[in-house]
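Working through the structure, step by step
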Amino acid sequence: HESKLFGPSAELGGAGTHTLPPTIQSSVPLPPRFRDTGWRHVHRRPRRQGAGAEIMLAVINQVLSLSAEPPLPVPPAWTPLPLGLLAPRGWALEQLLLQANSLSGYMPLSTFPGADTVNQSVWVGGTAAPKGGTDQWLPYWANGNVPLLMLLRAAGPAAVARLDPAAQLGPVVDRMMQYVLGHVNRSKSGPGAGWIGPFLNEPGDTNGHGLWDPLNMCRALLMYSEGEPSSRPAVAAAVVAHLTAEARLLESDPVYKWAATRWPTFVQVCLYVVDHVVPQFAGARAVLPLGAAGTTKLLMGASRLFRAKGMDWRGYYNGSSAVRFPTGPVAGWNTHDHGVNNAEGALAWPAMDRRLGAAQGEADAAMTLVLSRLDEYQGQPNALFCADEVFCGRAPHRGTETCAVVEAMASLEQAFSVLGDPSLVDRLEALAFNALPAALTDDMWTHVYVQQANSVFAGDTHPPLSEEQDPSRRRHSLHYRHVEGGCTAGSADGPAEGCRAHRHSLHDVPSGEDQTANFYGVSHFPCCITNFPQGWPKFVASAVLTHGNAFAVASFLPLNATLPDAVGGGATLLIETSYPFAGEAVLTVSVPQGHSTTAYLRIPGWAAGASVNGQRAANGTVHAVPLGSGLATLRVRLPQPIRVERGWGVLGNVSSPPADAAVVRRGPLLFSLRPAEQRRVVRDYRRLLPYRPLAVDYEISTREAWSFALDLSDLGALRFEPLASPGWAESLPFSTSEYPFSVRVPARLLSNATWGYWRGTNITAQPPASPIDCDALPSGACGPLEQIRLVPFGSTNLRIAVFPWSH
């Protein structure tokens, strides 16, 4: 099991060990499947062969004739800065360095579980069998670690010098990109011509992986070319060739399951090429064999064809299609109710539809439809929606997969870019500052597969019922088998007909993932360990955007940015802030002589009374500030009052009342009770060399009381305490043993009989319906009034964030 990219090393390994080198070889032998004759693959059904050039031309003509919609994409509201122009500072830089020097950065040169999906990937000549029958894991990893490296390089030599030399993130990424570019299928005809990476799931892919798996690598290559301009011609040629190959396969390939639900990803990559690659290489036939106009028509047509053959997200959410959005927990596993598919597909659909020609009002209405349905039936205060694999309702002891968190973030980032609605960034920040840090231990060496708003035990809870007795105990084998529990399986030619009804659970039984996969560790199914790295880098990279001679600050993160020449003649921006750990930001904009620009500052919806340089700025808007030449200082103040939200938890029905539970927020942060932890290592991987002592599996529990009901009889009694704990610092802003500030809340401890554990496990039961009438309960059900301390949700591994309440 030696990767062709990460060659052998005498320094590592030993008898009976899985070995990997600490260095990257510059000369790489060519595996058979990378040779110019095309990838080795298995035909799953017949396909026309031969006469490659003629077939390619015929398919292209068919794709181009499909649509009478606008020939060019609708311009986005804003365009993110290219990587290389934005340099993180302050706590944002510290968070990116922490990620680079821990689990994310070390995976290519390690052998703990999950790391092999990166360093033994067939993408780099490895021989390890891809888990799940796909080749998506290395593209996932690159999709996060390429922008991570580009941001750190943009931050300057001092930041790069702080990268752990043992991880070798820079050389690893550079060699990886070179290897992928050097092993594009160069055959002139046949179904694999021009394909990037392994061709394992093509042609005739019946699982929906083949058309989707390479797209994250296309994204990674394009991001790499932003930060490393010398690579742009090679990257542009490779990505255009690959998209042309996908357009060719779309003529006959089935599009369903994974590819069907994630069709917006293909559209996004195609439109990036139309927006950026085509103008830059308009006259370069080596990059654009069809020319600028021909390439644009091909990619626009292919995008519309993929959309037409893919998931009908509009019909799913408005109830007009055969497969419909569930209004409760889903009992059977399936791809259309899958949380990550909805995060990557449904949340991205309105923006990509807009760019393909939909009216602004239509796209805005579609986004409102998706978010309102998620809020109403699947809402969670920490993670946007509940999906411990598939949708799981509103109970706070149900979980959300980490992949769903980062994919939802990415979709919201591009949705704001296209649609320009500032409320989308409110939702984005709620994920970035709460769910994302809560998905990892504060050192970022271990992650959780699913996180819950209420969880006082992170480990295998040993439920008393077997999988046969309790069908909800879905296990990760379903990832491999792709068992469609929500409807009848389809044929090789397409999805099944008549999949109209979901088998909804009548109770909120925690899934197998909730019961066995909410531990912090490295041995989970490899999707989240390879996919979580995109969260922080893409969030930071999306903070500043441009349009014409204007720029927008979507999130007030500490950073430096050099704007393109079209914006104020190459104006520069410095943001000094500790936001979200403070409510102020100071922006310094330098505009060259003879130029001007306009700054658009997003004011969060919760920031009533916000101001810019002392002038009121309406909350929930993008506040415009015209700027002339010279130096300008913008002082932004964002008041952050404590907010109590009710109505969380299950909705109830004719036989049981709604939970009407409460959460506490301040600014973009959700607050939670953090009981003291007891942590033990249940598995280490010292036999897998080189040994990474922090890459382990934990069990985290508590002996402290947690079943409190908030006393909301006087909201003025909730008190913000601005004093940080003694050890808190911006170098570790989401420390799970410290806090930057806290909220004190009056509460009463409820007895175990009133609110305890689910079925004798370590999973919290649903909060009892509120309001709690302590006078009507048996003696001892409610304890005396006391003050409890709530801390930011992102600073917890164990927490209670959704509370019952009393008057």
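Within each chain, residues carry numbers counting from 1 in the order of the written sequence. Since the coordinates come from a predicted model, pLDDT governs what is reported: local features require at least 70, and pairs of side-chain atoms require 80 or more to be given and counted, while whole-chain, interface and lining totals use all residues. The side-chain values count all of the structure's non-hydrogen atoms but skip hydrogen atoms and water molecules.

**Concerning the overall build of the protein**
- Only runs of H or I of at least four residues qualify as helices and only runs of E of at least two qualify as strands under DSSP, and these elements are numbered from the N terminus. Scanning the protein from terminus to terminus reveals 22 helices and 32 strands.
- Partly exposed residues are those whose accessible area sits between 20% and 50% of the maximum for their type, while under 20% is buried and over 50% is exposed, using a 1.4 Å probe and protein chains only. Expressed as a percentage of the 807 residues in the protein, the buried residues total 62%.
- By the convention used here, residues are in contact when the closest approach between their heavy atoms is within 4.5 Å. Expressed as a percentage of contacts within the protein between residues at least 6 apart in sequence, the contacts between residues at least 24 apart total 76%.
- The Shrake-Rupley method, run with a 1.4 Å probe, gives the accessible areas here. Residue values count only the displayed protein chains as cover. Within the structure as shown, the protein displays about 27,500 Å² of accessible surface, and the carbon and sulfur contribution to it stands at 54%.

**So, the sheet that holds strand β21 (residues 630-637)**
- Should DSSP find at least two bridges between two strands, the strands are taken to pair. If you trace the seven strands from one edge of the open sheet to the other, you get β2-β14-β15-β16-β21-β18-β19, paired in antiparallel fashion. Looking at the sheet topology across the chains shown, the edges are occupied by β2 (86-88) and β19 (615-616).
- Relative to β21, strand β16 (residues 584-591) is paired through eight bridges, and the arrangement is antiparallel. Following the sheet pairing, V591 is matched in β21 by G630.

**Focus on the side chain of D213**
- Positionally, D213 belongs in the loop between α7 (169-182) and α8 (215-227).
- Only four residue types enter the charge count, namely Lys and Arg as positive and Asp and Glu as negative; His and the chain termini do not. A pairing counts as a salt bridge when a side-chain nitrogen of Lys or Arg comes within 4 Å of a carboxyl oxygen of Asp or Glu. Buried charge without a salt bridge: D213, with R262 as the nearest opposite-charge side chain at an N-O distance of 6.8 Å.
- Side-chain polar atoms of D213 contact the backbone nitrogen of D135, separated by 3.3 Å. What qualifies as a polar contact is a pair of N or O atoms within 3.5 Å, subject to a donor-acceptor requirement within protein and to the restriction that residues adjacent in sequence count only when both atoms come from side chains.

**Structural notes on unusual backbone geometry**
- In the segment running from L689 into P690, the intervening peptide bond is cis, with an omega of 0 degrees.
- With respect to the secondary-structure elements, P690 resides in the loop between β25 (678-683) and β26 (697-701).
- In this structure, the amide linkage connecting S770 to the following residue, P771, adopts the cis form with an omega of 5 degrees.
- Note that P771 resides in the loop between β29 (742-750) and β30 (782-792).
- Positive phi, normally seen in glycine, also occurs at K257, with a value near 55 degrees.
- With a phi angle near 55 degrees, N613 is a residue other than glycine that sits in the positive phi range.
- Here N613 shows up in the loop between β18 (611-612) and β19.

**Points about the packing of α8 against helix α9 (residues 232-250)**
- Between N-to-C directions, angles cover 0 to 180 degrees, with each direction set by a line fitted to C-alpha atoms, over the stretch in contact for helices. Relative to each other, α8 and α9 sit at 160 degrees, their axes nearing to 9 Å. Compared by their axis directions, α8 and α9 come out roughly antiparallel. Viewed along their axes, α8 and α9 form a crossing whose handedness is left-handed. Contacts from L215, C218, L221, L222, S225 and E226 of α8 reach α9 at R232, V235, V239, H242, L243 and E246.
- The class makeup of the residues in the contact of α8 with α9 is seven nonpolar, two polar and three charged. Just so you know how the angles are binned, under 35 degrees is roughly parallel, over 145 roughly antiparallel, 65 to 115 roughly perpendicular, and the rest oblique. The hand of a helix crossing depends on one turn: near helix anticlockwise from the far one by less than a right angle means left-handed, and clockwise means right-handed. Just so you know the grouping, Ala, Val, Leu, Ile, Met, Phe, Trp, Tyr, Cys and Pro go in nonpolar, Asp, Glu, Lys and Arg go in charged, and all remaining residues, Gly too, go in polar.

**Considerations on the confidence of the model for the protein**
- The pLDDT value expresses, per residue, how confident the predictor is, ranging between 0 and 100. Chain-level statistics for the protein give a pLDDT mean of 87 and a share of 84% at 70 or above.
- Low pLDDT, under 50, characterises residues 467-507; the stretch is placed with 103 contacts to residues that sit more than four places away or in other chains.

**Some points on the sheet that holds strand β13 (residues 550-553)**
- The sheet built from five strands is open, its strands ordered β1-β12-β13-β17-β20 with mixed pairing. The open sheet has two edge strands, β1 (79-80) and β20 (621-627), and neither has a second partner.
- Pairing geometry for strand β12 (residues 544-547) and β13, over four bridges, is antiparallel. Bridged to H547 within β13 is A550.

**Some thoughts on the pattern of salt bridges**
- Applying the stated criterion across every chain, the model contains 20 salt bridges.
- The shortest N-O distance in the salt bridge between D174 and R153 comes to 2.8 Å. Placement of the pair is D174 in helix α7 and R153 in helix α5 (residues 137-154), with a sequence separation of 21 residues.
- Judged by relative accessible area, D174 falls into the buried class, the value being 18%.
- Among the residues examined, R153 registers a relative accessible area of 28% and is labelled partly exposed.
- A salt bridge links D388 to R398; the nearest nitrogen and oxygen atoms lie 3.0 Å apart. In this pair, D388 sits in strand β5 (residues 387-388) while R398 sits in the loop between β6 (390-391) and β7 (399-401), placing the two residues ten residues apart along the sequence.
- In this structure R398 comes out as buried when scored by relative accessible area, which is 2%.
- Each of R307, R314, D353 and E362 takes part in a single network of salt bridges with overlapping partners.

**Here's the deal with the state of the cysteines**
- For the purposes of this analysis, a disulfide is any pair of cysteine sulfur atoms at a distance within 2.5 Å. Per the stated rule, a full pass over the model turns up two disulfides.
- In this model, C386 is linked to C392 through a disulfide, with the two sulfur atoms separated by 1.9 Å. Taking the torsion about the sulfur-sulfur bond, which here is approximately -100 degrees, the covalent link between C386 and C392 counts as left-handed.
- Between the sulfur of C774 and that of C782 lies a disulfide, 2.1 Å long from S to S. Of note, the bridge from C774 to C782 carries an S-S torsion of about -85 degrees and is left-handed in sense.
- Under the relative-accessibility criterion, C774 is labelled partly exposed at 23%.

**Focus: the packing of aromatic side chains**
- Aromatic pairing here means that ring centres of Phe, Tyr or Trp (its six-membered ring) are within 6.5 Å. Orientation follows from the plane angle: under 30 degrees is stacked, over 60 is edge-to-face, and everything else is tilted. Per the stated rule, a full pass over the model turns up 30 aromatic pairs.
- Counting every residue linked through ring pairs, the aromatic cluster contains W91, F433, W536, F539, F556, Y579, F581, W728 and F734.
- Positioned above the aromatic ring of F720, the side-chain terminus of R666 is 3.6 Å from the ring centre. Note on geometry: a ring has a charge over it if NZ (lysine) or CZ (arginine) is within 6 Å of the ring centre and within 35 degrees of the ring normal.

**Remarks on the pairing of β16**
- Pairing of strand β15 (residues 572-577) with β16 involves six bridges; the strand directions are antiparallel. Its bridge partner being in β16, T577 is matched across the sheet by A585.
- In this structure, the hairpin formed by β15 and β16 is closed by a connection of six residues.

**Quick notes on α9**
- With 19 residues, α9 ought to run about 27 Å at 1.5 Å a step, and its terminal C-alpha atoms sit 27 Å apart, in line with that.
- Across the 19 residues that make up α9, a large majority, 14, are buried. Helix span, expected: 1.5 Å multiplied by one less than the number of residues in the helix.

**Details of the pairing of strand β17 (residues 597-603)**
- Taking burial as the measure, the seven residues of β17 include six buried ones, the bulk of the element.
- Sheet analysis places β13 next to β17, joined by four bridges and oriented parallel. Paired with A552 across the two strands is Y600, which belongs to β17.
- Looking at chain direction, β17 and β20 are connected through seven bridges and run antiparallel.

**Observations regarding helix α11 (residues 263-280)**
- In this model α11 runs 26 Å from its N-terminal to its C-terminal C-alpha over 18 residues, within 8% of the 26 Å that 1.5 Å per residue would give.
- The largest bend along α11 reaches roughly 35 degrees and is located at V274.
- When we look at burial in α11, the residues that qualify are W263, P264, T265, F266, V267, V269, C270, L271, V273, V274, V277 and V278. The seven residues ending at a residue and the seven starting there each receive a fitted axis; the angle between those axes is the bend at that residue.

**Remarks on the environment of L419**
- Within the fold, L419 resides in helix α17 (residues 402-419).
- Given a relative accessible area of 8%, L419 falls into the buried group.
- Sequence spacing of L419 and A351 is 68 residues, and the spatial spacing of their C-alpha atoms is 6.4 Å.
- For L419, the residues in contact, after removing those within four places along its chain, are A77, A351, R354, Q360, A363, D364, M367 and L424.

**Here's the deal with the packing of α5 against α7**
- The N-to-C vectors of α5 and α7 enclose an angle of 125 degrees; their axes lie 10 Å apart at closest approach. The orientation of α5 relative to α7 falls into the category oblique. In this structure, α5 crosses over α7, and the sense of that crossing is left-handed. Each of L138, W141, A142, N145, V146, L148, L149 and R153 in α5 lies in contact with α7, whose residues at this interface are L169, G170, V172, V173, D174, M176 and M177.
- When its residues are assigned to classes, the contact of α5 with α7 shows eleven nonpolar, two polar and two charged.

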